[in-house]
Structure formats: C-alpha cells, structure tokens
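Examining the three-dimensional arrangement
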Amino acid sequence: MNYSHAKKGMTLVELMVSVAIFAVISIVIATFSSNVFSLNSVVQNGLTAQQDARQVVKKIAAELREASPSASGAYPIEIASTSEIIFYGDADNDGSKEKIRYYLSQLTLKQDIVKPTGNPPVYSGGTTTRNIINDVRNATTSIFTYYDNNYDGTTAALSFPVDIPSIRLIKINLAIDRDPYRSPVPIYVNTQVTIRNLKDNL
C-alpha cells in the first residue's frame, strides 16, 4: 500500500522571501517612526523658540516704554543702531536708573546693565551681562528700527545714523532659527513700543 507524505517545513526560497518581506516592513516602520519623532522635534523646537522670542520682545518693550533720563540727567537713549540700543531705565524696580544695553553678539542677543555709583552718580561701575536669547538670525533685517513723531503706520523709518532726539517709537524684530539647515524657516516675532517719557519739548 502506498501512502503520500506531505512535505513539512519551508524551502530555502520561501525562507529568503519571508526574511526579505520582514526586512522591508521593518525598514518602513523604522523610517515612519523616525520621521514622526523628527517632525515632533521640529514642531516642539519651533514652538519653544517662538515662546522664548515673544517673552524677550515683551521684556525689551516693557523696559523701553519706561526709558527715562539717567541718574545724572543724561538723555534717555544713548545709542540707537540696527542691532544695539543703550538707554536708561529702572530695570530691576529698585528706584534707581540703570544703564541698559541690548546688543547682538554673533548669534546671541545680550543685555548689559550698569548701576550708577557715587555722588554725583556715574555709570562706570561693574557690568552685569546676561544672554537673553540664542540663535538670532536677523541677517540683513534690523533688530531695532526707529521712527519719529510723524509715524502713522506706513511712514518710513529714520535713516542711519539715527537722530536720537527724534526717536518716538521703536520697532523690535527678532528672527529665531534653532537649526538653519532644517525646516521650518526662521520664526519672526516683532512688536513696537512708544517711549512714554520722550516728549516733543525735550
């Protein structure tokens, strides 16, 4: 009596095909997971950069709004350029007018503060320096732009070198890009501030 026996197991060809299919599926899943994590990282970095820039712009605007003559009577604004501004104000709410400087150093926006000393007061003491925000990539775009009392929303900015006593309004514009070699494009955060203590009769 003859019996037919079914072959059990996989042939070498079937095994190789199975391994190849498994490898392709694994690569697809790994690539998808990597893209998801990468996209999540990009989005998170963008949101963080935007939040940080907004806080910085808000802080600078608040200090500029209250700029006033120094403890020695100097004009509220000392220097006004595209990437640097020096003015006087009570930065730490201690009742004393500090000399405040914001300036771009490479890709970092920094702040210097000098407290007045002596009688009559002078600003020759130690400087406290802080890094305010990194990855500033304004390129040819000014961080600070200045306008006189004729500004109506469309008026051209004051040309450089700026006539400091003409300044009444300052626009602040920051471009932040944590990684210029990856999307998205730089995040722009801006605001404008009118200096309360600058009057036309000063």
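Bear in mind the structure is a predicted one, so any value in this text is a computation, not a measurement.

Re the overall build of the chain
On a plain count of helices and strands, the chain comes out with 1 helix and 8 strands. Listing the helices and strands of the chain from first to last along the sequence gives α-β-β-β-β-β-β-β-β. Counting over 202 residues, the chain shows a buried share of 32%. For the chain, the share of sequence-separated contacts (at least 6 apart) that also reach a separation of at least 24 residues comes to 52%. As displayed, the chain has an accessible area near 12,800 Å², and 55% of this comes from carbon and sulfur atoms.

Side note on the side chain of arginine 168
Among the secondary structure elements, arginine 168 is positioned in the loop between β6 (144–147) and β7 (169–176). A distance of 2.8 Å separates the side chain of arginine 168 from the backbone oxygen of proline 165, its partner in a polar contact.

Some remarks on the environment of leucine 64
Mapped onto the elements of the fold, leucine 64 is located in helix α1 (residues 12–65). C-alpha separation for the pair leucine 64 and isoleucine 100, spaced 36 residues apart in sequence, amounts to 9.5 Å. If near-sequence neighbours (up to four positions away) are discounted, leucine 64 is found in contact with Ile85, Phe87, Ile170, Ile172, Val193 and Ile195.

Topic: unusual backbone geometry
In this structure, proline 120 follows asparagine 119 across a cis peptide bond, with omega equal to 5°. A cis amide bond links phenylalanine 160 with the next residue in sequence, proline 161, at an omega value of 0°. Of note, proline 161 is situated in the loop between β6 and β7. Positive phi, close to 55°, is recorded for asparagine 93, a residue that is not glycine. Along the polypeptide, asparagine 93 turns up in the loop between β2 (84–89) and β3 (98–105). Classification of asparagine 93 as exposed rests on a relative accessible area of 69%. You will see that glutamine 106, though not glycine, has its phi angle at about 55°, which is positive. One can find glutamine 106 in the loop between β3 and β4 (108–114).

The rules behind each value
Residues numbered from 1 in each chain as written. Predicted model: local features only at pLDDT ≥ 70, side-chain atom pairs only at ≥ 80, totals over all residues. Heavy atoms only, no water. Helix = DSSP H or I, 4+ residues; strand = E, 2+ residues; numbered from the N terminus. Buried < 20%, exposed > 50% of the residue type's maximum accessible area, 1.4 Å probe, protein only. Contact = heavy atoms within 4.5 Å. Areas by Shrake-Rupley, 256 points an atom, 1.4 Å probe, with all protein chains shown as cover. Polar contact = N/O pair within 3.5 Å; in protein donor to acceptor, adjacent residues only side chain to side chain.

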